[in-house]
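Okay, here's what each chain looks like letter by letter:
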Amino acid sequence: RPDVLWARVYPLFAQWEPPPPAAAAASPAAAPTTAAARPGNAAAVSDGCLNTAAAAAGVGVLLESIEQAVLSDLVEGLPPEIMQALVDHFASIGAPERVEGCVLHLSITSLDLDQVIRLCEASGLYSALTYISTRISDYRRPLLALLAGIAAATAAPLPKAPNSHNRTQQPEALRCCYKALVYLRCCFQGMAFPPGSGTLTMSPVGALDTVKATLLGSLLFLDRNDLIREWHLAGGRSATAAALLAAAPAAGSRRNGLGTSQQQQQAATSGVMAITDPHPALQLLLSVDVSAVMAVLSEATFGWDAVETDLRAAAGKPAEQLESVLVATQVRASIIMSRF
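Note that the coordinates shown come from a computational prediction; the quantities given were computed from them, not determined experimentally.

Thresholds, definitions, all that
- Residues numbered from 1 in each chain as written.
- Predicted model: local features only at pLDDT ≥ 70, side-chain atom pairs only at ≥ 80, totals over all residues.
- Heavy atoms only, no water.
- Helix = DSSP H or I, 4+ residues; strand = E, 2+ residues; numbered from the N terminus.
- Contact = heavy atoms within 4.5 Å.
- Areas by Shrake-Rupley, 256 points an atom, 1.4 Å probe, with all protein chains shown as cover.
- Salt bridge = Lys/Arg side-chain N within 4 Å of Asp/Glu carboxyl O.
- Buried < 20%, exposed > 50% of the residue type's maximum accessible area, 1.4 Å probe, protein only.
- Axes fitted to C-alpha atoms, helices over the stretch in contact; angles between N-to-C directions.
- Parallel < 35°, antiparallel > 145°, perpendicular 65-115°, else oblique.
- Left-handed = near helix turned anticlockwise from the far one by under 90°.
- Nonpolar A, V, L, I, M, F, W, Y, C, P; charged D, E, K, R; others polar.
- pLDDT = per-residue confidence, 0-100.
- Phe/Tyr/Trp six-rings, centres within 6.5 Å; stacked < 30°, edge-to-face > 60°.
- 1 Å grid on protein atoms, 1.4 Å probe; cavity = no way out; pocket = protein on both sides within 12 Å on 5 of 7 lines; lining within 4 Å.
- Points joined across faces, edges and corners; volume = space filled by probe spheres on them.

Observations regarding the overall build of the chain
Thinking step 1. In terms of helices and strands, the chain carries 19 helices and zero strands.
Thinking step 2. Taking contacts inside the chain between residues at least 6 apart in sequence as the whole, the part at least 24 apart equals 66%.
Thinking step 3. Summed over its atoms, the accessible surface of the chain is roughly 15500 Å², and 56% of this surface lies on carbon and sulfur atoms.

Shown next, in the form of structure tokens:
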């Protein structure tokens, strides 16, 4: 049931919580921010603030005060120099996820998109990356980044369950998989990401079907070499996943798509699962939670009459000479049956 799935997935998506208010908010360096923090008053926050903070040797305190103003929705946008200072500060203290919290509260028109996207991809800030990408109509990038996160997570040693000799799922793989499912469900339902932030702005009529076809087509029809190429071009953590996948065994597969036992043993040695053609992107999701993936895909394709050739084209794959043309529901059922 979709409502049960949503209740299960959403809490995993919402793991990040804003930090408590800075204890040093009473510092002289924080005063300019408090005075300037008015809804939408980005210019006032920047005018003279950094110079004042530098004179008081409290740039970090000022930036953390600005963070609180942004998280409280007192500021809708930041000048590039302030955003750059935030990025540099939180990266320097090993807390890039605090930049992500700010990004989710800011208008993307105030952001240096190249700067923030590079930070997101390098630091695994998938929520912020998805927030930005969908608002510039790049719906495939977040999906590919999250798939790369799952692939890269398999390279890390898996923890053992307490009082057990069995290894548990890698936490980062779980995080990326469930965040991907939340993102997919948002798009398939025409909702903006993150959940609760409204609906996708679609123009012209029929654009939602194009978004759905792009995402579903990418899941079903991108091959192993496509993933390696896309991840390499993206850079950051995706490039790491590309290198791992390129080094892993590629030939042969069983019906479950996870490779032969010999391939799995070789993959374990190299630190990455044996992802084989066909449907490697779908394999990554299924390797984490089959039932959740099936529920999201079933809901996405229910009553949708997109045909296989449309899905292939949306994924950038050439049309093939097919004996018969299947609709989306039949394509999904046929592929799932072939994997098990």
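Concerning the pattern of salt bridges
Thinking step 1. Within the structure shown, the criterion is met by nine salt bridges.
Thinking step 2. Of the charged contacts, one joins Arg-98 and Glu-67 as a salt bridge, the two residues approaching to 2.7 Å between their closest N and O atoms. Residue Arg-98 is found in helix α7 (residues 97-103), and its partner Glu-67 is found in helix α5 (residues 59-71); the two are separated by 31 residues along the sequence. In this pair, the class of Arg-98 matches that of Glu-67, namely buried.
Thinking step 3. Across the pair Arg-118 and Asp-114 runs a salt bridge whose closest N-O atoms are separated by 3.0 Å. In this pair, Arg-118 and Asp-114 both sit in helix α8 (residues 113-123), four residues apart, roughly one turn of the helix.
Thinking step 4. Here the residues in one salt-bridge network are Glu-64, Glu-67 and Arg-98, joined through shared partners.

Concerning the packing of helix α9 (residues 126-135) against helix α11 (residues 171-188)
Thinking step 1. In the contact formed by α9 and α11, the axes pass within 11 Å of each other and the chain directions differ by 25 degrees. Relative to α11, the element α9 lies roughly parallel. Remark: the crossing between α9 and α11 carries right-handed chirality. On α11, the residues touching Tyr-126, Ser-127, Thr-130 and Thr-134 of α9 are Glu-172, Arg-175, Cys-176, Lys-179 and Tyr-183.
Thinking step 2. Each residue belonging to the contact of α9 with α11 can be placed in one class, and the counts come to three nonpolar, three polar and three charged.

Comments concerning the packing of helix α13 (residues 224-234) against helix α14 (residues 236-247)
Pairs of packed helices are described in terms of their axes, by the angle between the two and the distance that separates them.
Thinking step 1. Two elements in contact, α13 and α14, have axes separated by 6 Å at closest approach and are oriented at 145 degrees. The two elements α13 and α14 cross, and the hand of that crossing is left-handed. Listed contacts from α14 to Arg-224, Leu-227, Ile-228, Trp-231, His-232 and Ala-234 of α13 are Gly-236, Ser-238, Ala-239, Ala-241, Ala-242, Leu-245 and Ala-246.

A closer look at the confidence of the model for the chain
Thinking step 1. Looking at the chain, the pLDDT average stands at 74 and 63% of residues meet or exceed 70.
Thinking step 2. Contacts for the low-pLDDT stretch residues 21-40, under 50 throughout, to residues beyond four places or in other chains number 30 contacts.
Thinking step 3. In the model, residues 251-271 has pLDDT below 50 throughout and makes 38 contacts with residues more than four positions away in sequence or in other chains.

Brief notes about the packing of aromatic side chains
Thinking step 1. Here the structure, examined in full by the defined rule, presents one aromatic pair.
Thinking step 2. Between Tyr-183 and Phe-193, the ring centres sit 6.1 Å apart and the planes meet at 85 degrees, which makes this aromatic pair edge-to-face. Placement of Tyr-183 in helix α11 and of Phe-193 in the loop between α11 and α12 (207-221) is noted, with a sequence separation of ten residues between them.
Thinking step 3. Given the relative accessible area of 1%, Phe-193 is considered buried.

Re empty space enclosed by the protein
Thinking step 1. The final tally for this structure, using the stated rule, is one cavity of 30 Å³ or more.
Thinking step 2. In this structure, the largest cavity spans a volume of roughly 40 Å³.
Thinking step 3. Among the elements of the structure, α8 and α14 are those that each provide at least two residues to the lining of the largest cavity.
Thinking step 4. When its residues are assigned to classes, the lining of the largest cavity shows three nonpolar, two polar and two charged.

Here's the deal with unusual backbone geometry
Thinking step 1. The linkage connecting Phe-193 with the following residue, Pro-194, adopts the cis geometry, with an omega of 0 degrees.
Thinking step 2. With respect to the helices and strands, Pro-194 occurs in the loop between α11 and α12.
Thinking step 3. In this structure, Asp-73 takes a positive phi of about 60 degrees despite not being glycine.
Thinking step 4. Looking at the element boundaries, Asp-73 is found in the loop between α5 and α6 (80-92).
Thinking step 5. Even without being a glycine, Ser-137 presents a positive backbone phi close to 60 degrees.
Thinking step 6. A residue is classified by how much of its surface remains accessible, and Ser-137, at 55% relative accessible area, is exposed.

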